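Descriptive structure summary
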Amino acid sequence: GGAVAVKVLDKKKMKQLHVEDHLVLLEVELMRECSGRPGFVEVIDFLDTRSSFYLVMELVDGGTLEDATKEGQQMLGERQ
């Protein structure tokens, strides 16, 4: 396999932010349902350990979503 992106969600920090585990699981399920469709990142694997969630996704190169949003706004003549 090729390069992947791994997002680590610390359960202790998530709890401090009042994000319940079941909400993360629902989000991952939604991402899996959208995998393979244009404009969605593919979820390759998901691990749930005692201390963290690990989300393994396809690596999308070329900048951040924030950069793309700013670029799109400039093309449309909008300001943030």
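Quick note: structure is the one above.
Quick look at the structure, then. Since the structure is predicted, the reported quantities are computational estimates derived from the model, not experimental observations.

This model, assessed by the stated rule, comprises 1 aromatic pair. Centre to centre, the rings of Phe-46 and Phe-53 are 5.6 Å apart; their planes meet at 20°, and the pair counts as stacked. You can call Phe-46 buried: its relative accessible area is 15%. Taking NZ or CZ as reference, Lys-11 lies 4.6 Å from the ring centre of Phe-53, over its face.

Moving on: unusual backbone geometry. In this structure, His-18 takes a positive phi of about 65° despite not being glycine. Tracing the sequence through the fold places His-18 in the loop between helix H1 (11-16) and helix H2 (21-34). Judged by its relative accessible area of 69%, His-18 falls in the exposed class.

On to H2. With 14 residues, H2 ought to run about 20 Å at 1.5 Å a step, and its terminal C-alpha atoms sit 20 Å apart, in line with that. Where H2 is concerned, the buried positions are Val-24, Val-28 and Cys-34. Mapping the buried residues of H2 onto a view down its axis gives an arc of 120°, with all of them on the same face.

Moving on, we get to the pattern of salt bridges. All told, the structure shown has 1 salt bridge when counted by the stated rule. Among the salt bridges present, the one from Asp-48 reaches Lys-11, with a minimum N-O distance of 2.5 Å. Here Asp-48, found in strand E2 (residues 43-48), pairs with Lys-11, found in helix H1; they are 37 residues apart in sequence, far enough to count as distant. Residue class for Lys-11 comes out buried when judged on its relative accessible area of 15%.

When a strand is regular, its side chains alternate between the sheet's two faces. Sheet topology note: the E2/strand E3 (residues 52-58) ladder contains 5 bridges and is antiparallel. Paired with Asp-45 across the bridge in E3 is Val-56. Here E2 folds back onto E3 in antiparallel fashion, the turn holding 3 residues.

The next point concerns the nonpolar core. Across soluble globular proteins, you tend to see nonpolar side chains buried next to one another. Of all hydrophobic cores here, the largest spans 9 residues; its members are Leu-9, Met-14, Val-24, Val-28, Val-43, Phe-46, Phe-53, Leu-55 and Met-57. For this core, the elements supplying multiple residues, two or more each, are H2, E2 and E3. At 3 residues, the largest contribution of residues to this core is made by E3. Apart from residues no more than four positions distant in its own chain, Phe-53 is found in contact with Lys-7, Val-8, Leu-9, Lys-11, Asp-21, Val-24, Leu-25, Phe-46, Leu-47 and Asp-48.

About the cut-offs
- Residues numbered from 1 in each chain as written.
- Predicted model: local features only at pLDDT ≥ 70, side-chain atom pairs only at ≥ 80, totals over all residues.
- Heavy atoms only, no water.
- Phe/Tyr/Trp six-rings, centres within 6.5 Å; stacked < 30°, edge-to-face > 60°.
- Buried < 20%, exposed > 50% of the residue type's maximum accessible area, 1.4 Å probe, protein only.
- Lys NZ or Arg CZ within 6 Å of the ring centre and 35° of its normal.
- Helix = DSSP H or I, 4+ residues; strand = E, 2+ residues; numbered from the N terminus.
- Expected span 1.5 Å × (residues − 1).
- Arc of directions from axis to C-beta.
- Salt bridge = Lys/Arg side-chain N within 4 Å of Asp/Glu carboxyl O.
- Pairing = 2+ DSSP bridges.
- Core = buried A, V, L, I, M, F, W, Y, C linked by side-chain atoms within 4.5 Å.
- Contact = heavy atoms within 4.5 Å.

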